[in-house]
Each structure stands twice: as C-alpha cells, then as structure tokens.
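Read off the chains here:
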Amino acid sequence: ACASYDEASQTLCVSLVNRDVKQDVQVDVSLADATVKQVLGADSISHSDPKAANTWNKPDIIQPAKSKATVQDGAVRITVPRCGFIVVRVKVQPR
C-alpha cells in the first residue's frame, strides 16, 4: 500500500496491490486526522493469470478499468481485484 496527500487540493491518492489469485480483497482506509468526503475516481489493472503481460503483438491483454470505491462513515471502502492493482483518489476534510 502507498498513499500521498496534496494539501492544496485536499486530495488523497491510495494505491493497493492484491496478490491473491483466487479472490478480491475489501479494504477500508480511515484517517486519524481527516474525514473522507468523496471518491473522485478509482482505476484498476488486473488479470486472472498473474503472469499475463502485454506484448507488441497483443498490446491489450491487460487494460486499465474503472473501479468502484465508496465512502463509509468517513472512510473509503475499496475492493481490490484479485491479481490486481488499484489507485483510488478521494477528497478529504481535515479534522
């Protein structure tokens, strides 16, 4: 997991990886000093085969997809796809 915060826009970006090949993982991210107000976007990359890769001949084997994240009680709930990577951008309000 990795996160970065832009104080000027009060935007948090969270990146997560799920290495499980069988199931998606649900993650709740809460902040000690801020409340999540709105999901600005969520994009993921995943494939059922962990060794899948794009090539010059097949450049579309793995493609980015729009994903869903929701605000729950001031936190953000993220579903990370199996064998996947997700980036979620949220608007926060400092406490």
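Small disclaimer: the values here were computed from a predicted structure and weren't measured.

Chemist: It is not clear to me how the sheet that holds strand E1 (residues 2-6) should be interpreted in this structure. Could you clarify?
Modeler: In space, the five strands of this open sheet follow the order E1-E2-E8-E4-E5, with antiparallel pairing throughout. Each edge of the sheet is formed by a strand with only one pairing partner; in this case those strands are E1 and strand E5 (65-66). Inspection of the sheet shows strand E4 (residues 34-46) paired to strand E8 (residues 84-94) by 11 bridges, in the antiparallel sense. Along E8, the bridge assignment pairs Ser 44 with Ile 86.

Chemist: Whenever I open this one, the side chain of Asn 18 confuses me. Can you help?
Modeler: Relative to the assigned elements, Asn 18 resides in strand E2 (residues 11-18). Taking the relative accessible area as the measure of exposure, Asn 18 reaches 7% and is therefore buried. A polar side-chain atom of Asn 18 sits 3.3 Å from the main-chain carbonyl oxygen of Val 80. Contacts of Asn 18, omitting those with residues within four sequence positions, involve Gln 23, Asp 24, Val 25, Val 80, Pro 81, Arg 82, Cys 83 and Gly 84.

Chemist: Mind showing me how you'd approach the environment of Val 25 here?
Modeler: By the secondary structure assignment, Val 25 is in strand E3 (residues 25-29). Residue Val 25 is classed as partly exposed on the basis of its relative accessible area of 32%. In the structure, Val 25 is positioned 21 residues away from Ser 4 in sequence and 21 Å away in space, judged by C-alpha atoms. Other than its neighbours up to four places away in sequence, Val 25 contacts Asn 18, Ile 78, Thr 79 and Val 80.

Chemist: Is there a simple way to think about the environment of Ala 42 in this case?
Modeler: The topology assignment puts Ala 42 in strand E4. C-alpha separation for the pair Ala 42 and Leu 16, spaced 26 residues apart in sequence, amounts to 11 Å. Other than its neighbours up to four places away in sequence, Ala 42 contacts Ala 65, Lys 66, Ser 67, Lys 68, Ala 69, Val 87, Val 88 and Arg 89.

So, how was this worked out
Residues numbered from 1 in each chain as written. Predicted model: local features only at pLDDT ≥ 70, side-chain atom pairs only at ≥ 80, totals over all residues. Heavy atoms only, no water. Pairing = 2+ DSSP bridges. Helix = DSSP H or I, 4+ residues; strand = E, 2+ residues; numbered from the N terminus. Buried < 20%, exposed > 50% of the residue type's maximum accessible area, 1.4 Å probe, protein only. Polar contact = N/O pair within 3.5 Å; in protein donor to acceptor, adjacent residues only side chain to side chain. Contact = heavy atoms within 4.5 Å.

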